[in-house]
Amino acid sequence: MSLKNKKSGYISIVGKTNVGKSTLLNEILGQKVAITSRKPQTTRHRLLGIKTIADSQMIFIDTPGFHKGHKRALNQYMNKVASSAMKGVDVLIYVIEGLNWTEEDQELMSQIPEGYETSILVINKTDKIEQKEDLLPFIGSMSELNKFSDIIPLSALKKQNVSSLVDSILLKIPEGDHIYPSDQVVDVSERFLASEIIREKCITRVGDELPYRISVAIDKFKEEDKITHIDATLFVEKSSQKGMLIGSSGSKLKSIGTAARLELEEVLQTKIMLNLWVKVKSGWTDDEAMLSTMGYDLGKSS
Ligand SMILES: Nc1nc2c(ncn2[C@@H]2O[C@H](COP(=O)(O)OP(=O)(O)OP(=O)(O)O)[C@@H](O)[C@H]2O)c(=O)[nH]1
Ligand SMILES: [Mg+2]
């Protein structure tokens, strides 16, 4: 196939936190690459997911959800990662949840010039919309904003209408050579994948406040013939949080470890020996220097 016929493009998935961006990415790719949870602010880093269909390569960028009202350095970092992903891409997918278009969405979309040809509004979680008859008038009012070339209602979780979104993206990506091999689905290291899977198992097993205070560092990732040894430290901000993460007689940490090990064995297709430690790093979410040593690169996100 000549270069002329090939197409490739970057597609950013942005929107407020918890609207289902990562769930949508996983559904498009047909496999879980991004962690998701019912709790807000799950995604912290930009993540590339790749889908190649015949001569077209789509490179998706999953981003942290925008959120207001949090002044910590970690939150600022996450908003900055999301903002930077709105620029310089071929297609922008802006995701909202149901028929909820808020002032914050309005503000975020004002970062995009009017009549921008390649932005698509995704109305996700249509399975949760009770008044289905409100959908058409809502789509009408959204098209009057003149911000989106396409408006696509879908349900990422229930796998409804996601193919319409993919069809619409395929029409919009420009000609260009492919950047990744056609069978590559994700562009992250196995270390990163491991830290994210461990963090997801923590998030889903702790109370509502704790997810924002947990960070995972991989201390050792050693591949041997039949087994991979992974040592990881879970950082929290206070010793009371450490107790919550460990649980009585270590039960919580044990269940986090088991769930993470099982998923890692499936994803990495090898036996895993996983050791977890919990450490207190006071104030890490609001300390730029600590964030940067923990892998949150504030410089790179701008
Ligand atoms: N009912 C329903 N729930 C959904 C749908 N898509 C996502 N969800 C749920 O919404 C919650 C948030 O999903 P995520 O994919 O983590 O959302 P996100 O936008 O990536 O969130 P952040 O990374 O925090 O910005 C999870 O509990 C998902 O299962 C959908 O189509 N229908
Ligand atoms: Mg996410």
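The structure contained in this document is the topic of the report that follows.

Parameters at a glance
- Residues numbered from 1 in each chain as written.
- Chains lettered and ligands numbered in written order.
- Predicted model: local features only at pLDDT ≥ 70, side-chain atom pairs only at ≥ 80, totals over all residues.
- Heavy atoms only, no water.
- Pairing = 2+ DSSP bridges.
- Helix = DSSP H or I, 4+ residues; strand = E, 2+ residues; numbered from the N terminus.
- Axes fitted to C-alpha atoms, helices over the stretch in contact; angles between N-to-C directions.
- Contact = heavy atoms within 4.5 Å.
- Donors = N, O, S within 2.8 Å, 3.2 Å for Na, K, Ca; no water.
- Buried < 20%, exposed > 50% of the residue type's maximum accessible area, 1.4 Å probe, protein only.

1. A look at the sheet that holds strand β5 (residues 119-124)
Strand order in this open sheet of six strands is β2-β3-β1-β4-β5-β6, and the pairing throughout is mixed. Since the sheet does not close on itself, it has two edges, and those belong to β2 (47-53) and β6 (150-153), each with one partner. The sheet shows a mean angle of 25 degrees between the axes of neighbouring strands, direction not considered. Across the face of the sheet, helix α4 (residues 135-143) comes into contact with β4 (91-97), β5 and β6 while running at roughly 155 degrees to β6.

2. Thoughts on the coordination of the magnesium ion (ligand 2)
Distances from the magnesium ion (ligand 2) to its protein donors, Ser22 (OG) and Thr43 (OG1), fall within 2.0 to 2.1 Å. With serine 22 in helix α1 (residues 21-29) and threonine 43 in the loop between α1 and β2, this pair connects stretches of sequence that are 21 residues apart. Assigned by exposure class, serine 22 and threonine 43 land together as buried.

3. Looking at the sheet that holds strand β9 (residues 271-280)
Across the sheet, which stays open at both edges, the three strands sit in the order β7-β8-β9 with mixed pairing between neighbours. Edge strands, defined here as strands with exactly one partner in the open sheet, are β7 (215-223) and β9. Averaged over all adjacent pairs, the angle separating strand axes in this sheet is 15 degrees, with direction ignored. Bridging between strand β8 (residues 227-236) and β9 involves 10 bridges; their strand directions are parallel. The residue bridging valine 236 from the neighbouring strand is valine 280, located in β9. With respect to the sheet, helix α8 (residues 251-268) is in contact with β7, β8 and β9, its orientation differing from that of β9 by roughly 140 degrees.

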